[in-house]
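Each chain, letter by letter, is given below.
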Amino acid sequence: MQFPDISNEIFSVTLFGITLALRWYALAYIAGILGGWFAARALMRRPALWPGDRAPVGAAQLDDLLTALILGIVLGGRLGYVLFYQPGYYLSHPLEILKVWEGGMSFHGGFLGVVVAGLWFCRRHQVPVLQLADVMALVAPLGLFFGRLANFVNAELWGRPTSLPWGVIFPGEAAQDCPGIEPGLCARHPSQLYEAGLEGLLLGLILLLLFRRGALKHPGRITGGFLVGYGIARFVVEFARQADAQFITPENPLGHVLHWGGAGLSMGQLLSLPMIVVGAALIARSRR
C-alpha cells in the first residue's frame, strides 16, 4: 500500500518573518510526557498502592521530576542516536546534532538519560530509587506508543523490503533503494507500527496487569517487567526493521553489528540484551 499523504507539520504560524511549526514528532513527545505526568500524579495520590501505605514522591516534587525527565529524554535520546548510530556523520556535521525536529532519537539513549535524571532526582529528594523507577516504567509505554506513531508519520525507521499485503511504499530515495525492485514499487515492513503495538499497547497492558495485582508493593517488579518486555519486543522487531545505512555493506547486507556466518545481531538487539538481563534480575529480586 502507498504511504498516506501526511504532512509532518500539524500547523505553522509566521511571526515577524519567523515560521513556527508544531510537528507530529514534537506533539508525540508532549503527549507522552504530559500523559505520563498526569498518570504519575494519580498514583501518588493513592498511598495504599505503595509499601508501607506511603507514596514515595509528593505531588509538588513531581514538577521537578518532570523537568529533569524532559532533559533526560531529549538530551539522552539525541546523544544516544549520535553516538550509537551515526557518530561519523555528526562528528563531521556537529551543528546537525541540534536539529532534533528532523528526527533521529535513540530509545536506548533516552532510557539512559531518564536513568541519570531519575538518579539525580532520587538523590536530591531522598526518594527510593526502585519505587520511582516503577512509576516511570508504568507510564513509559504511553510515550513509546506516541513516539512510534510519530516515526511512521515522519516516514523514518521503516522496515526491510516485504511482499506482505500490509507492506508500505515509503517515500524517499533511501526507502526506495531496494535491490531488484523498481524505484517507487518497493514496499517495506511498517516496523514503526509493529513497535507501537508491541512496545506501547501490549507492554502497557502487561504492566497494567502487574499493577492491578499489586506490583507496586514489590519495588522493582514493574521496572523489571518493563525492561524485559521492551527488550524482547525490540529484539523481535529488529528482524523486520531496516538497519541503519552505516552498518550495511556488501558483505553484511543485514547490517549486523556482531555477525558470525549467516547470523548476527543488530545494534538495537545488542543494546536490548542488557535490558533483558537487568530486568530479569529485578523481577527475581522483587520476588524474594
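Whatever comes next refers back to the structure up there.
Just so you know, these numbers come straight off a predicted model, no measurement behind them. (Residues numbered from 1 in each chain as written. Predicted model: local features only at pLDDT ≥ 70, side-chain atom pairs only at ≥ 80, totals over all residues. Heavy atoms only, no water.)

J.: Give me the lowdown on the side chain of Arg160, citing residues and values where you can.
T.: Mapping Arg160 onto the fold places it in the loop between α5 (129-153) and α6 (191-212). This buried residue, Arg160, is left without a salt bridge; Glu238 holds the nearest opposite charge, at 6.3 Å. Side-chain polar atoms of Arg160 contact the backbone oxygen of Arg241, separated by 3.2 Å. Dropping the residues within four chain positions of it, Arg160 is found in contact with Ala187, Arg188, His189, Glu238, Phe239, Ala240, Arg241, Gln242 and Leu254. (Helix = DSSP H or I, 4+ residues; strand = E, 2+ residues; numbered from the N terminus. Buried < 20%, exposed > 50% of the residue type's maximum accessible area, 1.4 Å probe, protein only. Lys, Arg positive; Asp, Glu negative; His and termini not counted. Salt bridge = Lys/Arg side-chain N within 4 Å of Asp/Glu carboxyl O. Polar contact = N/O pair within 3.5 Å; in protein donor to acceptor, adjacent residues only side chain to side chain. Contact = heavy atoms within 4.5 Å.)

J.: Would you mind going over the nonpolar core in detail, with residue names and values included?
T.: Among the nonpolar cores identified, the biggest contains 36 residues, and Leu43, Leu132, Ile222 and Phe226 are the most heavily contacted of them. When residues of this core are assigned to their parent elements, the largest contribution, 6 residues, is made by α5. Leaving out residues up to four positions away in the same chain, Leu132 has contacts with Val57, Leu65, Gly118, Phe121, Cys122 and Val127. (Core = buried A, V, L, I, M, F, W, Y, C linked by side-chain atoms within 4.5 Å.)

J.: Before we move on, could you go through helix α1 (residues 24-44) and cite the residues and values that matter?
T.: Between its first and last C-alpha atoms α1 spans 30 Å; for 21 residues at 1.5 Å apiece the expected length is 30 Å, and the two agree. Restricting attention to buried positions, one finds in α1 the residues Tyr25, Ala28, Gly32, Ile33, Gly36, Trp37, Ala40, Arg41, Leu43 and Met44. (Expected span 1.5 Å × (residues − 1).)

J.: Can you lay out the packing of aromatic side chains for me, pointing to particular residues and giving the numbers?
T.: Scanning the model with the defined rule gives 7 aromatic pairs in all. With a centroid separation of 5.9 Å and an interplanar angle of 75°, the aromatic rings of Phe152 and Phe170 are classed as edge-to-face. With Phe152 in helix α5 and Phe170 in the loop between α5 and α6, the pair connects residues that are 18 residues apart, well separated along the chain. Like Phe152, the residue Phe170 is buried in the burial classification. Note on Phe235 and Phe239: the rings are 5.9 Å apart at their centroids and 75° apart in plane angle, and the pair reads as edge-to-face. (Phe/Tyr/Trp six-rings, centres within 6.5 Å; stacked < 30°, edge-to-face > 60°.)

J.: Account for unusual backbone geometry, naming residues and giving values.
T.: One non-glycine residue, Asp53, lies in positive phi territory at about 55°. Here Asp53 lies in the loop between α1 and α2 (61-84). Residues other than glycine seldom take positive phi values, yet Gln126 does so here, at roughly 55°. Locating Gln126 in the fold gives a position in the loop between α4 (107-125) and α5.

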